[in-house]
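So the chains spell out like this:
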Amino acid sequence: MVRDDLQDVVDEVARLLGAPATLEDVDFTLLAFAAHPLDDGETAMDAVRTRSILGRGSTPATRRWFEDLGIARAEHPVRTPADPTAGILTRLLLPVRSGGRTLGYLWLLDGGRTDPDDDADPALAAAVALAARAGRLLAGRDDDGEVGNALPAALTGTGVAHERAVRTLAARLGEDTPLALVALSPPAGGLPGGWTPPSSAAVLRGDDGHPAVAVLVRLSRAGDLRPAATAASAALARLPGASAGVSEPVAGPAGLAARWAQAHTAARVAAVAPGLAPVARWSELGGWRVAAALAAPDPAVAPLLADPVMAATAEAYLDTAGSVARTSAVLSVHRQTLYYRLGRITALTGLDLADGDTRLLVHASLRRARLP
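Keep in mind the model is a prediction, meaning the values are calculated, not measured. (Residues numbered from 1 in each chain as written. Predicted model: local features only at pLDDT ≥ 70, side-chain atom pairs only at ≥ 80, totals over all residues. Heavy atoms only, no water.)

> Which parts of the structure should I look at to understand the environment of arginine 73?
Residue placement: arginine 73 occurs in the loop between α3 (60-67) and β3 (78-80). Assessed through its relative accessible area of 68%, arginine 73 is described here as exposed. Here the alpha-carbon distance between arginine 73 and glycine 194, two residues 121 residues apart in the chain, equals 39 Å. (Helix = DSSP H or I, 4+ residues; strand = E, 2+ residues; numbered from the N terminus. Buried < 20%, exposed > 50% of the residue type's maximum accessible area, 1.4 Å probe, protein only.)

What follows is the structure in C-alpha cells.
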C-alpha cells in the first residue's frame, strides 16, 4: 500500500512539473518512477536515470557524485549541475524528509526549466508538499487522514469533542510540535463540485457562514513559517481564485483554535486587499485586524457606503494618512475635486475626517464593509 502511495506521489509530481520523475531512498535504491513526455513526444533520459530504472538503483560512483554536492543536507529544492562527460543531465532535486531527517530524493529531469528558489511557483509548491508526504510515508507517519478528521473539532468544537480532538492530534503529531494553520477562502462560487481538501485538511464553516478550508502544517523549526507559505501556494494551485491566510506558529495542537481565527481572518483580508493577495500572514495584517474584529460597519458610515464614489474617496484619503497630494494622485482627480468630495462626505455623514477618532471609525468601517 505504501509503495502504491509513493507511486501516486511521483506520478503527480511528474504531472505538475511536466518532467520525468524518479524517487530513490537515501541509499539510492529506486522506489518509484514516472515518465513524462516532452513537447516533442520524447522522454528525457540520461545514463543515471537509465541505470536507476533498469538496475533498480544507482552505482556507488553516481551516489558519491551527487552526495558530494551536499544533497543529504538539503532541506529545500536544489538544482544539481549537468556533467556532459559522464552523461548526466541537470536535475531538480526535491528532498524527501520527515522528522528533520532526509529519507530520500525525488529527482526531476526538467531541462533546467524550474527555478528551485521561486517561492511563488504554485506547481513547485505543490510538488514540495507532495515530497513532504513521501517523507511521511517512508517514515511510517502518514496519518494525514486521521489528522484531517480531527481538525474540525480541534478548531471550532467545544467541550468533550474539542478535548478529544486535541488529544488525537497530540498523539499523532506530538504535544509540542511546531504547527501553523493555513486557511483557504474559496472564490465567490464556493468550492467546486467534486473538489476534495488536501491531506491534513478539512472543510469548515467560518464565522461568516461561508465555507473555509483549514490546512494543518507541521513546521520544521519553531517560528519558521516557510512550510506554511509553501502549503498555501500548493493549496491555491488546486483552487484557482481562492485566497489564503497563514497563522502565527504554535507549539502543539492545544492552541490551534486561536490560530484558526488568525488564519481565517488573514484569508478574508487577502481576498480584498491587493497588497496582501493571494496569501496574507496574520502578522502582516496591520490595521486590517481592527476592521476584521468589527461585527459590521458602524451605522454612522452607512450614508457613505451608499455612495461608492464617496466611499472610495474616503478610503483612499485615509489610506494615504490624509495627504491631499497623494490621494489626488491615487484617484487621478484634481485637488479641487478632492476638496469638494471631502466636503460632500462631511455633509453626507456629519463626520469630520480631520478628527483622529472619526478617521479610525470611518477607516475601519470602510474596510469591514469590503470583507467577505
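Let us keep going from here.
> Help me out: how do you make sense of the sheet that holds strand β5 (residues 101-108) in this one?
Pairing between the strands of a sheet comes from backbone hydrogen bonds, and it takes one of two forms, parallel or antiparallel. The sheet built from five strands is open, its strands ordered β2-β1-β5-β4-β3 with antiparallel pairing. Each of the sheet's edge strands pairs with one partner strand only, and the pair in question is β2 (30-34) and β3. Neighbouring strand axes in the sheet, compared pairwise and without regard to direction, differ in orientation by 25 degrees on average. Across three bridges, the pairing between β3 and strand β4 (residues 91-98) is antiparallel. In the sheet register, valine 78 faces β4, and the bridge partner there is leucine 93. Across the face of the sheet, helix α4 (residues 122-138) comes into contact with β2, β4 and β5 while running at roughly 45 degrees to β4. (Pairing = 2+ DSSP bridges. Axes fitted to C-alpha atoms, helices over the stretch in contact; angles between N-to-C directions. Contact = heavy atoms within 4.5 Å.)

> Whenever I open this one, the nonpolar core confuses me. Can you help?
Nonpolar side chains in soluble globular proteins tend to be buried together. Residues Val10, Val13, Leu23, Leu94, Leu106 and Leu108 are the most contacted members of the largest nonpolar core, which totals 23 residues. Elements that contribute at least two residues to this core include exactly α1 (2-17), β1 (21-25), β2, β4, β5 and α4. With sequence-adjacent residues up to four places away left out, leucine 94 is seen in contact with Val13, Pro77, Tyr105, Leu106, Leu108, Leu124, Ala127, Val128 and Ala131. If you look at the next biggest cluster of nonpolar residues, it comprises 22 residues, including Ala154, Ala165, Trp260 and Ala263. (Core = buried A, V, L, I, M, F, W, Y, C linked by side-chain atoms within 4.5 Å.)

> How do you make sense of the pairing of β2 when you look at a structure like this?
A regular strand places its side chains so that they alternate between the two faces of the sheet. Burial analysis of β2 places four of its five residues in the buried class, the great majority of the element. Taken together, the four bridges between β1 and β2 define a ladder with antiparallel strand orientation. Pairing of alanine 21 across the sheet is with alanine 34, part of β2. Adjacent in sequence and paired antiparallel, β1 and β2 are bridged by four residues, among which phenylalanine 28 carries a positive phi angle near 65 degrees.

> Before we go on, may I ask you to explain the packing of helix α11 (residues 308-319) against helix α12 (residues 324-331) in this structure?
Helix-helix packing: each pair is described by the crossing angle between the helix axes and the interaxial distance. Relative to each other, α11 and α12 sit at 135 degrees, their axes nearing to 9 Å. On the basis of the axis angle, α11 is oblique to α12. Note on packing geometry: the crossing formed by α11 with α12 is right-handed. For the pair α11 and α12, contact is made by Ala312, Thr313, Ala316 and Tyr317 and by Val324, Thr327, Val330 and Leu331, respectively. Residue composition of the contact of α11 with α12, grouped by class: six nonpolar, two polar and no charged. (Parallel < 35°, antiparallel > 145°, perpendicular 65-115°, else oblique. Left-handed = near helix turned anticlockwise from the far one by under 90°. Nonpolar A, V, L, I, M, F, W, Y, C, P; charged D, E, K, R; others polar.)

> How should the pattern of salt bridges be read in this particular structure?
For side chains bearing opposite charge, pairing can occur when the charged atoms are close. A complete count under the given rule lists seven salt bridges for this structure. Ionic pairing is found between arginine 63 and glutamate 67, a salt bridge with its closest N-O pair at 2.9 Å. Taken together, the positions of arginine 63 and glutamate 67, both in helix α3 and four residues apart, correspond to about one turn of that helix. Classification of glutamate 67 by relative accessible area gives partly exposed; the value is 28%. (Salt bridge = Lys/Arg side-chain N within 4 Å of Asp/Glu carboxyl O.)

> I'm lost on the side chain of aspartate 224 in this one. Help?
For aspartate 224, the position within the fold is in the loop between β8 (211-218) and α7 (226-238). Within the structure, aspartate 224 has its side chain in polar contact with the side chain of arginine 226 (distance 2.9 Å). (Polar contact = N/O pair within 3.5 Å; in protein donor to acceptor, adjacent residues only side chain to side chain.)

> Explain the pairing of β1 here, please?
The buried count for β1 comes to five of five residues, which makes it a mostly enclosed element. With five bridges joining them, β1 and β5 adopt antiparallel strand pairing. Paired with alanine 21 across the two strands is leucine 108, which belongs to β5.

> Help me out: how do you make sense of the packing of aromatic side chains in this one?
Describing an aromatic ring pair means giving the distance of the ring centres and the angle of the ring planes. Per the counting criterion, the structure on display carries six aromatic pairs. Aromatic side chains phenylalanine 28 and tryptophan 107 sit 6.3 Å apart centroid to centroid with 50 degrees between the ring planes, which places their arrangement in the tilted category. Note that phenylalanine 28 is positioned in the loop between β1 and β2 and tryptophan 107 in strand β5, a separation of 79 residues in sequence. By the burial criterion, phenylalanine 28 is buried, and tryptophan 107 matches it. Relative to tryptophan 107, the ring of phenylalanine 66 has its centre 4.8 Å away and its plane inclined at 55 degrees; by these criteria the two rings are tilted. With phenylalanine 66 in helix α3 and tryptophan 107 in strand β5, the pair connects residues that are 41 residues apart, well separated along the chain. As far as burial versus exposure is concerned, phenylalanine 66 and tryptophan 107 are alike and both buried. Taken together, Phe28, Trp65, Phe66, Tyr105 and Trp107 form an aromatic cluster joined through their ring pairs. (Phe/Tyr/Trp six-rings, centres within 6.5 Å; stacked < 30°, edge-to-face > 60°.)

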